[in-house]
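# Summary of the model geometry
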Amino acid sequence: MDVDGTWKLVVTTPMGAQESTLVIASSGATLTGTQSAGSGEGRPIDEGTVDGNDITWKASITKPMPMTLEFSGTVDGDSLTGNVKLGMFGSAPFTGTRA
C-alpha cells in the first residue's frame, strides 16, 4: 500500500476537532515526514514506522501544552483512520484523507 503523500487529519479531542496536515514518505519500514497544525510550520515526525497498511509516528506539540502525541493508523486507499495517545489525557480517534 502506498502511504506516501499529503494527508489532511482531523483528531476528535475533548477540546473539539483539531486539524493538521501530515506529509509523509516511506522507505522500507521507515516513515519520515512533517506534521503541522493550523498555519504553523511543519515539525518533523519521530519514530515513524510502516507495516503493510499500518503506520505509526510521534509528533511533539507545544500548544495547548507541551506533549508528545503517539499516532497509529491504517491506510485504505485515500483514507487513513486510527487513534492517537494524548499523553496523560487518554486517547482520541482520528481520520484523514489524502490531499
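Model, not experiment: these values are computed from the prediction.

### Concerning unusual backbone geometry
The backbone of Glu47 shows a phi angle near 50°, a positive value even though the residue is not glycine. Assignment of secondary structure puts Glu47 in strand β5 (residues 46-51). Look at Glu47 and you get exposed, because its relative accessible area is 57%.

### Focus: the pairing of β5
Where strand β3 (residues 30-37) lies against β5, 2 bridges are found, and the strand directions are antiparallel. From the neighbouring strand, Leu31 faces β5, where its bridge partner is Gly48. Relative to strand β6 (residues 54-61), β5 runs antiparallel, the two being bridged by 4 bridges. From the neighbouring strand, Val50 faces β6, where its bridge partner is Ile55. Where β5 folds back on β6, the antiparallel hairpin that results is connected by 2 residues, among which Gly52 adopts a positive phi of roughly 65°.

### Quick look at the environment of Asp51
Locating Asp51 in the fold gives a position in strand β5. Once the C-alpha coordinates of Asp51 and Gly16 are considered, the two residues, 35 residues apart in sequence, prove to be 30 Å apart.

About the thresholds
Residues numbered from 1 in each chain as written. Predicted model: local features only at pLDDT ≥ 70, side-chain atom pairs only at ≥ 80, totals over all residues. Heavy atoms only, no water. Helix = DSSP H or I, 4+ residues; strand = E, 2+ residues; numbered from the N terminus. Buried < 20%, exposed > 50% of the residue type's maximum accessible area, 1.4 Å probe, protein only. Pairing = 2+ DSSP bridges.

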